[in-house]
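# Coordinate analysis (summary)
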Amino acid sequence: MMLKMETYDIYVGHHEIDKLQDYIKNIYNQKDIFIVTDDNVDHLYHDLISHKLSDFNLHFVKIKPGETSKSFETYLETINRLVEKGIKRNHLLIALGGGVVGDLTGFIAATLYRGISFVQVPTTLLSQVDSSIGSKVGIDLDKGKNLVGSFYSPKFVVIDPMFLETLDEREYHQGVAEMIKAGLIANKELYEFFKTNNKVTEKEILMALNVKRDVVIKDPFDHYERMILNFGHTFGHAIEKKYEYKTYKHGEAISYGMMIAIEIGIKKGITPSYIYEDVKKVLENNKLIESPYFTIEALKDYIKTDKKSMADVFYFICLKNIGQSIITNLKVGDLK
Ligand SMILES: NC(=O)c1ccc[n+]([C@@H]2O[C@H](COP(=O)([O-])OP(=O)(O)OC[C@H]3O[C@@H](n4cnc5c(N)ncnc54)[C@H](O)[C@@H]3O)[C@@H](O)[C@H]2O)c1
């Protein structure tokens, strides 16, 4: 199955990885390919990728797994290693891994020699349904996540659910959180799927991708419409900040954040009240939240410095119903 973005294609399906070599040959006529991956993914898939791309000379550069690699230090170290290995402006770079590898490699592709071609091969559920599309690439600073970056599109993306078989359960659920979010904001059928807590298939991945695709095409540079993808993120970010990015993973934090956004939506008269218990059950069943839940009061102090906030008033995403969302304004002073 193929999805079209404005300037690149996304190939989705089991065994798509078998076609990676042909997809590359359609856009690239050199022999050398440079692959950035992390130690875990390299350990699991180095041989498979070497086998699938056997017509090319492959040069692997590995980074340490985890968010700490989305740093200026790793960026510099990786770029230096690529240059030492002989990467030239007309060479191709592949990001093979989760969102960390994708964001970092995309940023390298955007900046090395003022831009080189790159391809995304996402290997976590989160990167398959979210980070590998939308063209946001970048790294973190000590002051906050994703503060340095660019909009830079890959030549294409290959999404093969086969990679998910080795993903640990907690990581898998982080992707589920973003899929539930996509369902809640724009696709009821996708949300309902998680009521039975099944293993996601190509079909659900495509539904989640389509939600993101439609929004990104309307607002590629994140000026307004794309904001609905931030449903649950205002308080989710506050939770991550409060616990210094240690206790809760992103998908878990935004799941609690979605519950608070629903609570606020109900108080504002926008969200029907039955939705609270409905979503709570789905998130609990998918191991994303457990009681005790966060109160708005406990997180209030951590949202003031959120990068989306404008003085005292900030944009806030509420559900009008399951599968329907709107952008509203919220005042810090109204948070009671
Ligand atoms: N660019 C965007 O639009 C966007 C959107 C959402 C999130 N993100 C970013 O994505 C990052 C998180 O991505 P992530 O959740 O994929 O994390 P990640 O890249 O850290 O991967 C999670 C863990 O899974 C391991 N792993 C990867 N693939 C595997 C596989 N197939 N089998 C077994 N283990 C595997 C990794 O080594 C790592 O330990 C964050 O930095 C976030 O800011 C970016």
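Everything in this summary refers to the structure shown in the same document. The structure presented is a predicted model; accordingly, all values stated were derived computationally and were not measured. (Residues numbered from 1 in each chain as written. Predicted model: local features only at pLDDT ≥ 70, side-chain atom pairs only at ≥ 80, totals over all residues. Heavy atoms only, no water.)

### Remarks on the overall build of the protein
- When helices and strands are tallied, the protein shows 12 helices and 11 strands.
- For the protein, whose C-alpha radius of gyration is 20 Å, the value lies close to the compact-globule estimate of 20 Å for 336 residues.
- Each principal axis of the C-alpha atoms in the protein carries an extent, and together these give about 60 × 40 × 35 Å.
- Relative to its full complement of 336 residues, the protein shows a buried share of 54%.
- Taking the intrachain contacts of the protein between residues at least 6 apart in sequence as the baseline, contacts between residues at least 24 apart amount to 74%.
- When the accessible surface of the protein is split by element, carbon and sulfur atoms take 50% of a total near 15,200 Å². (Helix = DSSP H or I, 4+ residues; strand = E, 2+ residues; numbered from the N terminus. Rg over C-alpha atoms; globule rule 2.2 N^0.38 Å. Buried < 20%, exposed > 50% of the residue type's maximum accessible area, 1.4 Å probe, protein only. Contact = heavy atoms within 4.5 Å. Areas by Shrake-Rupley, 256 points an atom, 1.4 Å probe, with all protein chains shown as cover.)

### What to know about the nonpolar core
- By size, the foremost hydrophobic cluster in this structure holds 69 residues, and its most contacted members are Ile 10, Leu 125 and Ile 205.
- Per-domain counts for this core show at least three residues from each of domain 1 (2–166) and domain 2 (170–334).
- Excluding its chain neighbours within four sequence positions, the residues that come into contact with Leu 125 are Leu 164, Leu 167, Tyr 172, Gly 175, Val 176, Met 179, Val 200 and Ile 205.
- Residues Leu 92, Val 119, Val 121 and Phe 156 belong to the second largest nonpolar core, which totals 23 residues. (Core = buried A, V, L, I, M, F, W, Y, C linked by side-chain atoms within 4.5 Å. Domains from an automatic or database assignment.)

### Details of the side chain of Ser 131
- Examined against the element boundaries, Ser 131 turns out to sit in helix α5 (residues 125–131).
- Apart from the residues lying within four places of it in its own chain, the contact partners of Ser 131 are Gly 99, Asp 103, Gln 120, Leu 126 and Lys 212.

### Some points on the environment of Val 200
- As for its position among the elements, Val 200 is in the loop between α7 (188–193) and α8 (202–218).
- Taking the C-alpha atoms as reference, Val 200 lies 9.7 Å from Met 179; in sequence the two are 21 residues apart.
- Look past the residues within four positions of Val 200 in its chain and what remains in contact with it is Leu 125, Leu 164, Tyr 172, Met 179, Phe 193, Phe 194 and Ile 205.

### Here's the deal with the packing of helix α6 (residues 169–186) against α8
- Running from amino to carboxyl end, α6 crosses α8 at an angle of 60°, the nearest separation of the two axes being 9 Å. Put simply, α6 runs oblique to α8. The crossing of α6 and α8 is left-handed. Contacts between α6 and α8 involve Met 179, Ala 182, Ile 185 and Ala 186 from the former and Glu 204, Ile 205, Ala 208 and Val 211 from the latter.
- Each residue belonging to the contact of α6 with α8 can be placed in one class, and the counts come to 7 nonpolar, no polar and 1 charged. (Axes fitted to C-alpha atoms, helices over the stretch in contact; angles between N-to-C directions. Parallel < 35°, antiparallel > 145°, perpendicular 65-115°, else oblique. Left-handed = near helix turned anticlockwise from the far one by under 90°. Nonpolar A, V, L, I, M, F, W, Y, C, P; charged D, E, K, R; others polar.)

### Details of the site of the ligand
- Asp 38, Glu 67, Thr 123, Thr 124 and Thr 166 are the nearest of the 25 residues found near the ligand.
- Measuring from a nitrogen atom of the ligand, one finds a side-chain N or O atom of Thr 123 at 2.7 Å.
- Within the side chain of Lys 212, one N or O atom sits 3.5 Å away from an oxygen atom of the ligand.
- Protein contact buries 86% of the 870 Å² of open area that the ligand shows by itself.
- Those elements giving two or more residues to the shell around the ligand turn out to be α2 (39–52), α4 (99–111), α5 and β8 (144–151). (Near = heavy atom within 4 Å. Polar contact = N/O pair within 3.5 Å; in protein donor to acceptor, adjacent residues only side chain to side chain.)

### Some thoughts on the pattern of salt bridges
- Taken as a whole and assessed by the stated rule, the structure comprises 24 salt bridges.
- Residue Asp 55 is joined to Lys 25 by a salt bridge in which the shortest nitrogen-to-oxygen separation is 2.4 Å. Placement of Asp 55 in the loop between α2 and β4 (57–63) and of Lys 25 in helix α1 (residues 20–27) is noted, with a sequence separation of 30 residues between them.
- Lys 25 gets classed as partly exposed once you look at its relative accessible area, which sits at 40%.
- Between Lys 70 and Asp 140 there is a salt bridge, with its nearest N and O atoms 3.9 Å apart. Taken together, the positions of Lys 70 in the loop between β4 and α3 (72–84) and Asp 140 in strand β7 (residues 136–141) put the pair 70 residues apart, joining distant regions of the chain.
- When its relative accessible area of 11% is taken as the criterion, Asp 140 is described as buried. (Salt bridge = Lys/Arg side-chain N within 4 Å of Asp/Glu carboxyl O.)

### Structural notes on the packing of helix α10 (residues 250–267) against helix α11 (residues 274–285)
- At a minimum axis distance of 10 Å, the contact between α10 and α11 shows a crossing angle of 175°. The angle between α10 and α11 falls in the class roughly antiparallel. Every residue of α11 that contacts α10 at Ser 255, Met 258, Met 259, Ile 262, Glu 263 and Ile 266 is listed here: Ile 275, Tyr 276, Val 279, Lys 280 and Leu 283.
- Considered class by class, the residues forming the contact of α10 with α11 number 8 nonpolar, 1 polar and 2 charged.

### Some remarks on the pairing of β7
- Where β7 meets β8, 5 bridges bridge the pair, whose relative direction is antiparallel. Considered in β8, the bridge of Lys 136 is made with Phe 151.
- Linking two consecutive strands that pair antiparallel, namely β7 and β8, is a turn of 2 residues. (Pairing = 2+ DSSP bridges.)

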